[in-house]
Amino acid sequence: MNSATPRVIVEGVAVSPDHLIGGARVSSATTFEDRSPLDWSWKLADVARGDAGTADAAVTAADDAFPGWADLAPSGRAEHLHRLADLIDAHNDEIAIVETVDMGMLLESMRQRLVARGAINFRTYADLAATYEERHWTSKGTTNTVQRMPAGPAVIVTPWNAPFMLSTWKVAPALAAGNTVVLKPAEWSPLSCSLLADLTVEAGFPPGVFNLVQGIGEEVGPPLVGDPRVKRISFTGSPETARHIGRSAAENIVPFTAELGGKGPLIVFADADLDAAARKAAGQYDDSGQVCLAGTRILVQSSVHDEFVKTFHQHIDAHVLGDSRDPATTIAPMIHPDHVARVEGFIERALANGDTIVRGGHRIDDTLHIEPTLIEPASNDSEVVQHEVFGPVLTLQRFADEDEAVELANSTAYGLSAIVYTSSQERAQRVGRALRTGIVWVNTFLVRDLTAPFGGVGISGIGREGGDYALDFHSDLKTLQILEGSTS
Ligand code: NAD
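Participant: Tell me about the site of the ligand, and name the residues and values.
Facilitator: Taken together, 29 residues are adjacent to the ligand, and Glu-187, Ser-238, Thr-241, Leu-260 and Glu-388 come closest. In the environment of the ligand, an oxygen atom lies 3.3 Å from a nitrogen or oxygen atom belonging to the backbone of Gly-237. For the ligand, a nitrogen atom lies 2.7 Å from a polar atom in the backbone of Leu-260. Coverage of the ligand by the protein chains reaches 90% of its 850 Å² of free accessible surface. Within the residue set of the shell around the ligand, elements represented by two or more residues are α7 (217-225), β12 (232-236) and α8 (239-252).

Participant: Break down the sheet that holds strand β22 (residues 475-483) for me, citing the residues and quoting the values.
Facilitator: Strands sit in the order β7-β8-β22 across an open sheet of three strands; the sheet is antiparallel. Strands at the two margins of the open sheet, each flanked by one partner only, are β7 (135-139) and β22. Neighbouring strand axes in the sheet, compared pairwise and without regard to direction, differ in orientation by 25° on average.

Participant: How would you sum up the environment of Arg-297? Please name residues and give values.
Facilitator: Among the structural elements, Arg-297 can be located in strand β15 (residues 295-301). For Arg-297, a relative accessible area of 1% corresponds to the buried category. Not counting chain neighbours up to four residues away, the residues in contact with Arg-297 comprise Lys-263, Gly-264, Pro-265, Leu-266, Val-385, Thr-395, Leu-408, Ala-409, Ser-411 and Thr-412. Within the local environment of Arg-297, its side chain forms a polar contact with the backbone oxygen of Ala-409, the two atoms lying 2.8 Å apart.

The rules behind the values
Residues numbered from 1 in each chain as written. Predicted model: local features only at pLDDT ≥ 70, side-chain atom pairs only at ≥ 80, totals over all residues. Heavy atoms only, no water. Near = heavy atom within 4 Å. Polar contact = N/O pair within 3.5 Å; in protein donor to acceptor, adjacent residues only side chain to side chain. Areas by Shrake-Rupley, 256 points an atom, 1.4 Å probe, with all protein chains shown as cover. Helix = DSSP H or I, 4+ residues; strand = E, 2+ residues; numbered from the N terminus. Pairing = 2+ DSSP bridges. Axes fitted to C-alpha atoms, helices over the stretch in contact; angles between N-to-C directions. Buried < 20%, exposed > 50% of the residue type's maximum accessible area, 1.4 Å probe, protein only. Contact = heavy atoms within 4.5 Å.

Next up, the structure:
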């Protein structure tokens, strides 16, 4: 590890390309290139390429800082988290523009939704941890109390889509619970988390409480998640990477939570507000479909199929592909040429499989855009139905009745989220219960109560985030049992 390198200027914002370890910026002997999806010839930064030594230094810093941070009362930790939340709000524009040019997401969406949510994540967990009420009861002649003990250093690994929001969503409960953190963001969009690191310093977090390690997942990831001093591993990303990390967690017997991919159904019943459903269906192309929660399998009741599809096309026609900084743009480019090629591979294989490309399917020259693509699969077994594409590709299938809708919806190995459009309260309850996903939205999408559990079924994940679920995950729960009348 070397001393800090100069900051790079990204859209007027000074961003460190280095790690943050023990409160100090440190570089690595080698770097990796970070380019902008808005213009692939635009190199944003040469970012520090962490290795096993970097991982060791970061976990050491987190381990050293742990006793002091864990000893702080939850209300003391909450003060830090609230200061950080205020700083995120104060720097919203800078974080938003940096992540927009780094990851590609629409600038307005960044400002209003994702960066703002980062601040809310810290406030929510500051308050939840500080107001935690220990559970007390008596049984078998003893008084029982459930206490939360901070667990130790936590390694948090996050994906390239929505890196700032997703990282804060995981870092906030870890810090609130009294754990120290090593955050490893994805190598395709590493810069906004560097701004988060700056703000933790400005907010006065003691050195080592929050550490940032940059680098390539396969290189710096394994030594981080395999370090036996790490007491929690919290991961968001693909099922493939989760399997690797899960093996390390098993080796060290460390609790591991994984928020993974999705293949959500968007089910439109004949009794639904069809225009609202069609608008929401077309909205699944937002962020070029690089959204784990997206309803990418459109399932429509046969009796309203043609009417729905006509309106659906009209809403798709209204989309504007362009530069994510332009307020007129509604579909951002994709993150990386390799990812574009991966998505093109799905489309080529769909054609070869006999699936019908109803619209789209082509890359826009000299950009990282693929047209909004709609595919009618040859069968429910088609790859494009069964596997997460993570691009602007939706499938369209029809169903006869409620039973078939539920059967199709539950027919993949994923189970992250589902969207249902119906005007029937009874159907909403019935179908909602029958769907095997971590969340079901009825007549809406992406509305979140942060105290609710969040996570996936099947290969969409292990464990639950949100509310007390994440605080319990980051704690060692203990029952204190005292013989009644034996103490005064
Ligand atoms: P990925 O699994 O390729 O990478 C995720 C992170 O893991 C990156 O930081 C990467 O550097 C790191 N990594 C890679 N190999 C590693 C290893 N061997 N050890 C430790 N770390 C390693 O995923 P991605 O392509 O960045 O993200 C897209 C995926 O994330 C999609 O499947 C998407 O659905 C999913 N996702 C899920 C949620 C959710 O909340 N469920 C949210 C966003 C994205």
